[in-house]
Amino acid sequence: MALTLLSPLAVTIQAQWRLGVNGGATWNHYSVDKQYATDYRFDERWGGTAGLTAQYNFFDWLGLRAGAYFAQRNYRHTRGAYADKLDVCYVNNYLLFPVTVNFSFGGQKVRGFVDLGVYGGAWLTGNRSGQEYASISAEEHNFSEQIVFSDLKDQRGDFGYTGGLGIEYKFHPH
């Protein structure tokens, strides 16, 4: 008899939880104080992201979402106003753990959403490749190398605010 009474509760609880995968693109804007390096440029670059999410819905339009994501934060560093030239592309890989409040709207299968929250994460790996020209030696040097982390100068922990806007498709009602 207890199992008969708990069965509807189990279906109700299952309907409130959602699991999903996601993927997309990142657009990273690198910001640095260039007080004495006015000829340095830092340009935005695209990257990729993929992850897993779990969400608990309190109402049809409100939920709490947590996830684990692999994300790239890439940028390009150039210098060319003077004799020494530099053109380097950076690829930085992060593991991020966001927790967001999810507001959703729309139909039963296709819905729009807005996420607002915080995240914590870690810088996993970095790579840089490009070319530099030194006017003293008059040589151009091409390179591609892994970034070696320094415990003294690299801050590998990452914390901040996050937000998202998107469309989702429900494959299964639960």
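Residues numbered from 1 in each chain as written. Predicted model: local features only at pLDDT ≥ 70, side-chain atom pairs only at ≥ 80, totals over all residues. Heavy atoms only, no water.

As for the packing of aromatic side chains
Here is the rule: Any Phe, Tyr or Trp ring, taking Trp's six-membered ring, that has another such ring centre within 6.5 Å forms a pair; planes under 30 degrees apart are called stacked, those over 60 apart edge-to-face, and the others tilted. Strands here are runs of E lasting at least two residues and helices are runs of H or I lasting at least four, both read from the DSSP assignment and numbered beginning at the N terminus. Burial here depends on accessible area, computed with a 1.4 Å probe over protein chains only, as a share of the maximum for the residue type. Under 20% is buried, over 50% is exposed, and the range in between is partly exposed. For a ring to carry a charge above it, either NZ of a lysine or CZ of an arginine must fall within 6 Å of the ring centroid while also lying within 35 degrees of the normal to the ring plane.
For the coordinates displayed, the defined rule picks out eleven aromatic pairs. With 4.6 Å between their ring centres and 10° between their planes, Y75 and Y90 make a pair best called stacked. Separated by 15 residues along the polypeptide, Y75 in strand β4 (residues 75–79) and Y90 in strand β5 (residues 85–106) bring together distant segments of the chain. For Y75, a relative accessible area of 10% puts it in the buried group. One aromatic cluster in this structure is built from Y30, F42, Y75 and Y90. Residue placement shows R73 over the ring face of Y94; its charged tip is 4.6 Å from the ring centre.

Side note on the environment of E132
Along the chain, the position of E132 falls in strand β6 (residues 110–134). Residue E132 is classed as partly exposed on the basis of its relative accessible area of 34%. Expressed as a C-alpha distance, the spacing of E132 and L86, which sit 46 residues apart in the sequence, is 4.4 Å.

Notes on a nonpolar patch on the surface
Test applied: Candidate patch residues must exceed 30% relative accessible area and have no salt bridge, after which like charges are joined if within 9 Å and Val, Leu, Ile, Met, Phe, Trp or Tyr side chains if within 5 Å. Accessible surface is estimated by sampling points in the Shrake-Rupley manner with a 1.4 Å probe; for residues, cover comes only from the protein chains shown. A pair is scored as a salt bridge if a Lys or Arg side-chain nitrogen falls within 4 Å of a carboxyl oxygen belonging to Asp or Glu.
A surface patch of nonpolar side chains, about 1000 Å² in accessible area, is lined by F58, F59, W61, L64, V99, V101, F103, L116, V118 and Y161. Every element with two or more residues in the nonpolar patch is listed here: β5 and β6. Residue contributions to the nonpolar patch peak at three residues, all from β5. In this structure, F58 sits in the loop between β2 (40–57) and β3 (62–72).

As for the environment of G47
What counts, and what does not: Note on contacts: a residue pair qualifies if any of its non-hydrogen atoms lie within 4.5 Å across the two residues.
Looking at the element boundaries, G47 is found in strand β2. G47 gets classed as buried once you look at its relative accessible area, which sits at 16%. Along the chain, G47 and N74 lie 27 residues apart, while their C-alpha atoms are 6.1 Å from each other. Excluding residues within four positions of it along the chain, G47 makes contact with G24, A25, T26, Q72 and N74.

Overview of the pairing of β6
Rules: Any two strands are treated as partners once DSSP identifies two or more bridges connecting them.
Here β5 pairs with β6 via 22 bridges, running antiparallel. Within β6, the position partnered with V99 by the bridge is V118. The hairpin formed by β5 and β6 contains three residues between the paired strands. Where β6 lies against strand β7 (residues 139–146), eight bridges are found, and the strand directions are antiparallel.

A word on the nonpolar core
Counted only if it meets this: Among buried residues, the Ala, Val, Leu, Ile, Met, Phe, Trp, Tyr and Cys ones that are joined through side-chain atoms within 4.5 Å form a nonpolar core.
One finds F42, Y75, L86, V88, Y90, F143 and I147 forming the largest nonpolar core, which totals seven residues. The element best represented in this core is β5, accounting for three residues. Y90 has contacts with R45, N74, Y75, H77, N127, R128 and I147, leaving out every residue within four places of it along the chain. In this structure, A71, L96, Y119 and W123 belong to the second largest nonpolar core, which totals five residues.

A word on the side chain of N57
To be explicit about the condition: Any N or O atom pair separated by 3.5 Å or less is treated as a polar contact, with the protein-specific requirement of one donor-capable and one acceptor-capable atom, and with residues adjacent in sequence counted only for side-chain atom pairs.
Tracing the chain through its elements places N57 in strand β2. The exposure class assigned to N57 is buried, which follows from its relative accessible area of 12%. Among the polar contacts made by the side chain of N57, one reaches the side chain of Q55 at a distance of 2.6 Å. Apart from residues lying up to four places away in sequence, N57 is in contact with Q16, R18, L62 and G63.

Structural notes on the pairing of β2
On any regular strand, side chains alternate: one points to one face of the sheet, the next to the other face. Bridge count between strand β1 (residues 17–28) and β2: twelve bridges; the pairing is antiparallel. Following the sheet pairing, N28 is matched in β2 by R45. Judged from the five bridges that link them, β2 and β4 form a sheet pairing that is antiparallel. Paired with D43 across the two strands is R76, which belongs to β4. Looking at chain direction, β2 and β3 are connected through nine bridges and run antiparallel. Residue pairing across strands places N57 opposite G63, the latter belonging to β3. A loop of four residues connects β2 with β3, the two strands running antiparallel in sequence.

Functional significance is not addressed by these values, which are geometric in nature.
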